[in-house]
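# Chains, contacts and geometry: an overview
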Amino acid sequence: MNDPIALHPDAQALLFTDARTANTFTDEPVTDEQLRAIHELAKYPPTAANTQPLRVLYVRHGEPRERLLTHMNDGNRAKTATAPVVAVLAADTDFHHHIPRIFPIRPQMRDTLDGDPASREHMARFNATLQIAYWLLAARAAGLATGPMAGFDAAGIDKEFLADTSWKSLLVVNLGKPGPDAWFPRLPRLDYDDIVRHA
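Residues numbered from 1 in each chain as written. Predicted model: local features only at pLDDT ≥ 70, side-chain atom pairs only at ≥ 80, totals over all residues. Heavy atoms only, no water.

Their axes nearest at 9 Å, the elements helix α1 (residues 9-17) and helix α7 (residues 117-141) cross at an angle of 130°. Considering the angle they form, α1 stands oblique to α7. The chirality of how α1 crosses α7 is right-handed. Where α1 abuts α7, its residues Leu14, Leu15 and Phe16 lie against Leu137, Arg140 and Ala141. (Axes fitted to C-alpha atoms, helices over the stretch in contact; angles between N-to-C directions. Helix = DSSP H or I, 4+ residues; strand = E, 2+ residues; numbered from the N terminus. Parallel < 35°, antiparallel > 145°, perpendicular 65-115°, else oblique. Left-handed = near helix turned anticlockwise from the far one by under 90°. Contact = heavy atoms within 4.5 Å.)

See the structure below:
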């Protein structure tokens, strides 16, 4: 029987079955070329009306990293201090300004959403969250390990780093090559029959 998954087993392992959340990192740098390559993959999967509201702030070492650490929960601070790059993944609530360019079949959506900030924020957060999943897979495809974290003061990060933007932070992700003892033991996953019904 043919494998029902079209991806080569090595690619399946890189992206899914062997990939893990990293808790330590080496000091090997993450290059600007790698960061751009992640974007070039992650920009293609779908979002509603092609709106693409995900925005990314990269924080390297130095004074900006020290400021970021003050907004991380205690359990996340040490690993965030040592990762080569930290990504703040955010939703742009003013994504609609790009609609005439990225969704030219319905440019009037920009004006509709301009008058409905509540729907616009919901749409931004939902679709940026979709894009975060794509971004994490793209980072794995670039040969990097990720350490996604929800344990941070989002309001603090938004005030500290994003105050002059319409971006709202959703997730902080450490990025780099895994260091010693990077992985916790693999936790169980639900089986197909646990989560699937057929109508």
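On the surface, a cluster of nonpolar side chains totalling about 270 Å² of accessible area is made up of Ile5, Leu7 and Phe16. Structurally, Phe16 can be placed in helix α1. You can call Phe16 partly exposed: its relative accessible area is 47%. (Patch = residues over 30% accessible without salt bridge, like charges linked within 9 Å, V, L, I, M, F, W, Y side chains within 5 Å. Areas by Shrake-Rupley, 256 points an atom, 1.4 Å probe, with all protein chains shown as cover. Salt bridge = Lys/Arg side-chain N within 4 Å of Asp/Glu carboxyl O. Buried < 20%, exposed > 50% of the residue type's maximum accessible area, 1.4 Å probe, protein only.)

Examined against the element boundaries, Thr146 turns out to sit in strand β3 (residues 145-149). Discounting chain neighbours no more than four positions away, the residues touching Thr146 are Arg20, Thr21, Ala22, Leu136, Ala139, Val173, Asn174 and Leu175.

Right, let's talk about the pattern of salt bridges for a bit. All chains considered together, the criterion is met by eight salt bridges. Note that Arg77 is salt-bridged to Asp74, the shortest N-O span being 2.9 Å. Of the two residues, Arg77 and Asp74 are both situated in helix α4 (residues 74-82); the distance of three residues between them amounts to about one turn of the helix. The closest approach of N and O atoms between Glu121 and Arg125, which form a salt bridge, is 3.0 Å. Note that Glu121 and Arg125 are positioned in helix α7 at a spacing of four residues, about one turn of the helix.

Residues Ile38, Leu89, Trp135, Val173 and Leu175 are the most contacted members of the largest nonpolar core, which totals 26 residues. Mapped onto this core, the elements with two or more residues apiece are α2 (32-42), β2 (85-92), α6 (109-114), α7 and β4 (167-176). Every residue in contact with Ile38, bar those within four places of it in the chain, is listed here: Trp135, Ala138, Ala139, Ala142, Leu144 and Leu175. The next biggest cluster of nonpolar side chains, apart from the first, holds 17 residues, and it includes Ala22, Ala90, Phe152 and Phe161. (Core = buried A, V, L, I, M, F, W, Y, C linked by side-chain atoms within 4.5 Å.)

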